[in-house]
Amino acid sequence: MDSVIRGLAVYLFLLLIFRVAGKRALSQTTTFDLVLLLIISEVTQQAMVRNDHSLTNGFMLIVTLIATDIFLSVLKRRFPRLGRLLDDAPLVIVRDGKPLKERMAKARVTQEDILASARQNHGLENMDQVRHAVVETDGEIAIIPERAAARETA
Amino acid sequence: MTPVRERAKGLQLDEDMDFQRRSWIFQRVGWTLMLAAMGAAAAGLLGPGPYSRTAADSPGGLLRAEFNRLERAESNVDVAIRVRGGASRDGLIRLSVPLRVIERARLIRVDPEPESVETGSDQLTFVFRTATPETESRIFFRLQTAKAGRLDWRIGLAGGADQVEFSQRVYP
């Protein structure tokens, strides 16, 4: 009983805290972000497992976490607004080649972040080659290059 | 010449800026609460710390308990008992601790080590030898709490000469 309650409490707390932290908190843009996530996972594990290192406790915690995840995913499919509440929504930060500065500030995204994603994923060189940029719900920046928006002519 | 297919007209994206603005407000409120929680924790409002550290004196003035009024489950709870000089009998200090405290929190250590421990129906009596009965003695209890809730202490000198009562609240 204790394992189930702890598992649920930790799952819901992490859901809330990452929702408050914002999309970019999950994106692991730097090595330190990865280290931070590893530290959080270690702290979470200790809070959930405590002194009970039995197989039963471990299995129950895994079942609780997965079952909660499945339940929420079913709910999100059924109620799209809930999905948006829990997972946030994508945010356009460059539209038609124009950076939307206010949105970038609110989403804590800099031009350098956009350029890094453009270089890594599309081999682009500068902002003029970026038609659209979207901060996705997982914190990654999706880039639509200028050339991808055009179509072939015969 | 075949016609040019139309250039894509923009992103097919379900964007809701009202929701997004509310999200940002929610995040900022959340950040403020997180900062407040950090400040509260540092100050000892969520466990051991400056606010939490306190002391309680017995009515007769022979005992003083130093403890944290707020503790956390699965962590060490340290309680220090000062026994005023002259409270011992035949060089022995006998302190009784309620069994209900020992049942709720695992006793890890007692410093100094008692000469003996006597059981009773609802209490344990720890017997300490003191080399200097006329001076103050300090006894440390370290326990580990298992569950959240309240720990109600009543530490007494043998024979009911004096006792100190205090409570600790344990966060989950």
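This text goes with the structure placed above it.
## Comments concerning the overall build of chain B
Working step 1: Across its full length, chain B carries two helices and eleven strands.
Working step 2: Of the regular secondary structure in chain B, the N- to C-terminal order runs α-β-β-β-β-β-α-β-β-β-β-β-β.
Working step 3: Over its C-alpha atoms chain B spans a radius of gyration of 28 Å, topping by over 25% the 16 Å that the globule rule assigns to 172 residues.
Working step 4: Projected onto its principal axes, the C-alpha coordinates of chain B cover approximately 115 × 25 × 25 Å.
Working step 5: Of all 172 residues assigned to chain B, the portion counted as buried reaches 36%.
Working step 6: Taking contacts inside chain B between residues at least 6 apart in sequence as the whole, the part at least 24 apart equals 62%.
Working step 7: Looking at chain B as shown, the accessible area adds up to about 10000 Å², and 52% of this sits on carbon and sulfur atoms.

## Here's the deal with the pairing of strand β10 (residues 149–157) of chain B
Residue and element names in this part refer to chain B.
Working step 1: Note: strand β5 (residues 92–98) against β10, two bridges, orientation antiparallel. Residue pairing for β10: Leu-95 is matched across the bridge by Leu-157.
Working step 2: Bridge count for β10 against strand β11 (residues 163–171) is eight bridges, and the pairing is antiparallel. Counterpart to Arg-154 in the pairing with β11 is Glu-165.

## Things to note about the packing of aromatic side chains
Working step 1: With the rule as written, the count across this model stands at four aromatic pairs over all chains.
Working step 2: Relative to Phe128(B), the ring of Phe126(B) has its centre 6.5 Å away and its plane inclined at 20°; by these criteria the two rings are stacked.
Working step 3: Judged by its relative accessible area of 3%, Phe126(B) falls in the buried class.
Working step 4: Taking 5.5 Å as the distance between ring centres and 15° as the angle between the ring planes, the aromatic pair formed by Trp153(B) and Phe166(B) counts as stacked. Pair noted here: Trp153(B) is in strand β10 and Phe166(B) is in strand β11, with a separation of 13 residues, a long-range link. Each member of the pair Trp153(B) and Phe166(B) is classed as buried.
Working step 5: One aromatic cluster is present, formed by Phe67(B), Trp153(B) and Phe166(B) through successive ring pairs.
Working step 6: Arg84(A) extends its terminal NZ or CZ atom over the ring of Phe19(B), reaching a point 5.6 Å from the ring centre.
Working step 7: Looking at Arg69(B), its charged tip hangs above the ring of Tyr51(B), at a distance of 4.7 Å from the centre.

## Description of empty space enclosed by the protein
Working step 1: Applying the stated rule across the entire model yields one cavity of 30 Å³ or more.
Working step 2: Size it by volume and the largest cavity reaches roughly 70 Å³.
Working step 3: The wall of the largest cavity is formed by Gly22(A), Lys23(A), Arg24(A), Asp88(A), Leu91(A), Lys106(A), Ala107(A), Arg108(A), Gln20(B), Trp24(B) and Gln27(B).
Working step 4: Here the lining of the largest cavity gets three residues from one element, more than from any other, and that element is helix α1 (residues 17–43) of chain B.
Working step 5: Residues of the lining of the largest cavity, tallied by class, amount to three nonpolar, three polar and five charged.

What counts and what doesn't
- Residues numbered from 1 in each chain as written.
- Chains lettered and ligands numbered in written order.
- Predicted model: local features only at pLDDT ≥ 70, side-chain atom pairs only at ≥ 80, totals over all residues.
- Heavy atoms only, no water.
- Helix = DSSP H or I, 4+ residues; strand = E, 2+ residues; numbered from the N terminus.
- Rg over C-alpha atoms; globule rule 2.2 N^0.38 Å.
- Buried < 20%, exposed > 50% of the residue type's maximum accessible area, 1.4 Å probe, protein only.
- Contact = heavy atoms within 4.5 Å.
- Areas by Shrake-Rupley, 256 points an atom, 1.4 Å probe, with all protein chains shown as cover.
- Pairing = 2+ DSSP bridges.
- Phe/Tyr/Trp six-rings, centres within 6.5 Å; stacked < 30°, edge-to-face > 60°.
- Lys NZ or Arg CZ within 6 Å of the ring centre and 35° of its normal.
- 1 Å grid on protein atoms, 1.4 Å probe; cavity = no way out; pocket = protein on both sides within 12 Å on 5 of 7 lines; lining within 4 Å.
- Points joined across faces, edges and corners; volume = space filled by probe spheres on them.
- Nonpolar A, V, L, I, M, F, W, Y, C, P; charged D, E, K, R; others polar.

Keep in mind these values describe shape, not function.
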